[in-house]
Amino acid sequence: MDVLDLARWQFGITTVYHFLMVPLTIGLSLLVAGMQTAWLRTGERKYLAMTKFWGKLLLINFAMGVVTGIVQEFQFGMAWSAYSRFVGDVFGAPLAMEGLVAFFVESTFLGLWIFGWDRLPKKVHLACAWAFSLATMISAYFILAANSWMQHPVGVVMDDGRPRLTSIWAVLGNSTVLAAFPHTIFGAFAVAASFLVGIAAWHLWRRTEEGAVWRASVKLGTWVGVVAFAGLAVSGDVQGKLMFEQQPMKMAAAEALCHTEQPASFSVFAVGDVARQDCESVKSITVPALLSFLAHNDFSTEVKGIEDLVPEYQEKYGANYPVDPRLGELSGKPIDYVPSLPVTYWGFRLMIGFGGIAVASGLAILWLTRGGRVPRGTWFTWLALGSIATPFLGNSFGWIFTEMGRQPFVVVPNPSGVDGVWMFTARAVSNSTVGEVLTSLVALTLVYGVLACVEVFLVRRYVRAGVAGVLPDGEPDDVGKSDDHLQFAY
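Residues numbered from 1 in each chain as written. Predicted model: local features only at pLDDT ≥ 70, side-chain atom pairs only at ≥ 80, totals over all residues. Heavy atoms only, no water.

An unreviewed UniProt entry lists the protein chain under the name Cytochrome ubiquinol oxidase subunit I, from Saccharothrix yanglingensis. The Subcellular location (unreviewed entry) field of the UniProt record for the protein chain holds the comment "Cell membrane". According to the UniProt record, the Sequence similarities (unreviewed entry) comment for the protein chain is "Belongs to the cytochrome ubiquinol oxidase subunit 1 family." (UniProt positions renumbered as here; feature names shortened; annotations may be inferred.)

Visitor: Honestly, the packing of helix α6 (residues 175–206) against helix α7 (residues 211–246) in this entry has me stumped. Any pointers?
Guide: Geometry of a packed helix pair, given as the angle between the helix axes and the separation of the axes. Orientation of α6 relative to α7, taken along the N-to-C sense of each, is 155°, at an axis distance of 6 Å. The orientation of α6 relative to α7 falls into the category roughly antiparallel. Along this stretch, α6 crosses α7, giving a crossing that reads as left-handed. Taken together, the residues of the contact of α6 with α7 break down into 21 nonpolar, 15 polar and 1 charged. (Axes fitted to C-alpha atoms, helices over the stretch in contact; angles between N-to-C directions. Helix = DSSP H or I, 4+ residues; strand = E, 2+ residues; numbered from the N terminus. Parallel < 35°, antiparallel > 145°, perpendicular 65-115°, else oblique. Left-handed = near helix turned anticlockwise from the far one by under 90°. Nonpolar A, V, L, I, M, F, W, Y, C, P; charged D, E, K, R; others polar.)

Visitor: Even after reading the chapter, I still don't get the nonpolar core, so can you show me in this structure?
Guide: Generally speaking, soluble globular proteins have nonpolar side chains that are buried together. Core analysis: the largest hydrophobic core is formed by 64 residues, its most contacted members being Tyr-83 and Trp-149. Those residues in contact with Trp-149, other than ones at most four positions away along the chain, are Val-87, Val-90, Phe-91, Val-154, Val-156, Pro-163, Val-171, Asn-174, Val-411 and Val-421. Residues Leu-24, Ile-185, Val-213 and Leu-232 belong to the second largest nonpolar core, which totals 60 residues. (Core = buried A, V, L, I, M, F, W, Y, C linked by side-chain atoms within 4.5 Å. Buried < 20%, exposed > 50% of the residue type's maximum accessible area, 1.4 Å probe, protein only. Contact = heavy atoms within 4.5 Å.)

Visitor: Honestly, a negative patch on the surface in this entry has me stumped. Any pointers?
Guide: A contiguous patch of negative charge, built from Glu-280, Glu-302, Glu-307 and Asp-308, is present on the exposed surface. Positionally, Glu-280 belongs in the loop between β3 (266–271) and β4 (283–287). (Patch = residues over 30% accessible without salt bridge, like charges linked within 9 Å, V, L, I, M, F, W, Y side chains within 5 Å. Areas by Shrake-Rupley, 256 points an atom, 1.4 Å probe, with all protein chains shown as cover. Salt bridge = Lys/Arg side-chain N within 4 Å of Asp/Glu carboxyl O. Lys, Arg positive; Asp, Glu negative; His and termini not counted. Charge placed at Lys NZ, Arg CZ, Asp CG, Glu CD.)

Visitor: Sorry if this is basic, but what is going on with the packing of aromatic side chains here?
Guide: Here the structure, examined in full by the defined rule, presents 25 aromatic pairs. Aromatic side chains Tyr-17 and Tyr-448 sit 5.0 Å apart centroid to centroid with 50° between the ring planes, which places their arrangement in the tilted category. Of this pair, Tyr-17 sits in helix α1 (residues 3–42) while Tyr-448 sits in helix α13 (residues 434–465), and the two are 431 residues apart along the sequence. The two residues Tyr-17 and Tyr-448 agree in class, both being buried. Ring geometry for Tyr-313 and Tyr-317: centres 5.7 Å apart, planes at 65°, overall edge-to-face. Of this pair, Tyr-313 and Tyr-317 both sit in helix α10 (residues 306–317), 4 residues apart, roughly one helical turn. Taking the relative accessible area as the measure of exposure, Tyr-313 reaches 12% and is therefore buried. (Phe/Tyr/Trp six-rings, centres within 6.5 Å; stacked < 30°, edge-to-face > 60°.)

Visitor: Would you explain the side chain of Gln-36 in this entry?
Guide: Here Gln-36 is to be found in helix α1. Of the polar contacts made by the side chain of Gln-36, one reaches the side chain of Trp-113; its length is 2.7 Å. If sequence neighbours within four positions are ignored, Gln-36 has contacts with Thr-51, Trp-113, Trp-117, His-125, Leu-126 and Ala-129. (Polar contact = N/O pair within 3.5 Å; in protein donor to acceptor, adjacent residues only side chain to side chain.)

Visitor: Would you take a moment to explain the pairing of strand β1 (residues 156–159) for this structure?
Guide: Within a regular strand, side chains alternate between the sheet's two faces. Note that β1 and strand β2 (residues 162–165) share 4 bridges and pair antiparallel. Looking at the pairing, Met-158 lines up with Pro-163 of β2. (Pairing = 2+ DSSP bridges.)

Visitor: Even after reading the chapter, I still don't get a nonpolar patch on the surface, so can you show me in this structure?
Guide: Together, Val-268, Phe-269, Val-271, Ile-285 and Val-287 make up a nonpolar patch on the protein surface, roughly 430 Å² of accessible area in all. Top element by residues in the nonpolar patch is β3. It accounts for 3 residues. Considering the arrangement of structural elements, one finds Val-271 in strand β3.

Visitor: Help me understand unusual backbone geometry, please; the structure alone is not making it clear to me.
Guide: Negative phi values dominate among residues other than glycine, just as trans dominates among peptide bonds. Cis geometry marks the peptide bond from Gln-262 to Pro-263, where omega comes out at -5°. Note on placement: Pro-263 falls in the loop between α8 (248–255) and β3. Of note, the bond from Gln-407 into Pro-408 is cis; its omega dihedral lies within 30 degrees of zero at 15°. When you line up the elements, Pro-408 lands in the loop between α12 (378–404) and β6 (409–411). Even without glycine at this site, Ala-289 takes up a positive phi of about 65°. Locating Ala-289 in the fold gives a position in the loop between β4 and α9 (290–296). A positive phi angle is found at Asn-297, which is not glycine, with a value near 55°. Structurally, the position occupied by Asn-297 is in the loop between α9 and α10.

This is the structure:
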């Protein structure tokens, strides 16, 4: 491997790992604030128990997310210094807003919430929970604004070979971020919902005494998951239409669409080598004209295929890389404008598939535990705990598709934007040696592996302890216990 491949692997590993924590923090923070609100309004002790239990898991996850996220910022200077110099004038504003405003508010109110139990008035303490949860979403917005600029650069002019920011409002109001933000937030709620459902259902199967807590958690998680999946479908449709306009090659790669079609069919499943750009060996199960509708709300819209898009890209952005020793083996070589088709095609379908499995599992668990029932078979534990992983996988495959689908660009050209505002990924890496990047890749992967073990250990410890492990001193032992006997179904 060369420096480019190693740097991409390094950033990919750390980003995917970090994003396992991010959606759970965003979704769970708002749900915990809702639980505490329910306790304050109703006085029911089960809601206090829910707040304490799920809040403890939220804190563990948040701490690990902060630790893993900081490393990414250092990578911009370590492995991607050329990219940092190119986008620095643009990224400075949204990233400063995220760090100095959103993250500062988020951390401050989280600290008040942690140490404010029995010290702050109940309503003030609740306000801290809401402030923290809303700040997490604002923080996500600024990060997504920066990422969306890479996907669709706006609000800049070219000055001495680099984009110079002319309107921060254009960056923050980018059509791409306005679509990506709700999609990301709904994905976060899907993750948090499955987390609630899976753990609570497992506790029901164990026949622990806090039955009311776990049943309320299953119901809350299931219905939040259903709403989140519906939101993902709607926001994903909006993103698809923007992708058709802004990144037609990514649209073609998502379908492994080799030839232009009008109307274009949506491929549900393919058999054969989707990596081949001529599609000679690929047989697909398709829905006629559906891709045309997804692209432009019209069942007769033409969707361009890879074979027609490649010449267009070559004409606009060049057929060969510049002759530059910093490009290594790619210097002067033809530019491959086609992303990895197996990754984009199957990543897109795995994203949708795991999302559907998550909501189906939640509904199944809700049905199986209706009326006080709890299946006794070990298959139920596998269903409950296995369902937790599905939205995490869906989110990960979605981001892999989004980022790898824009290759070979790290900053994708805006078809209707300023000429010259794009950057090839090959030109973005630092002037480092293979040994330097490989050393940091191995070191970071090992550190992240250790952190993963720490998180799993802590989460497992508090999950197994249940409500009893998080009750404050002097709290009655019957907090959250159900008055009804559980019915165990065979």
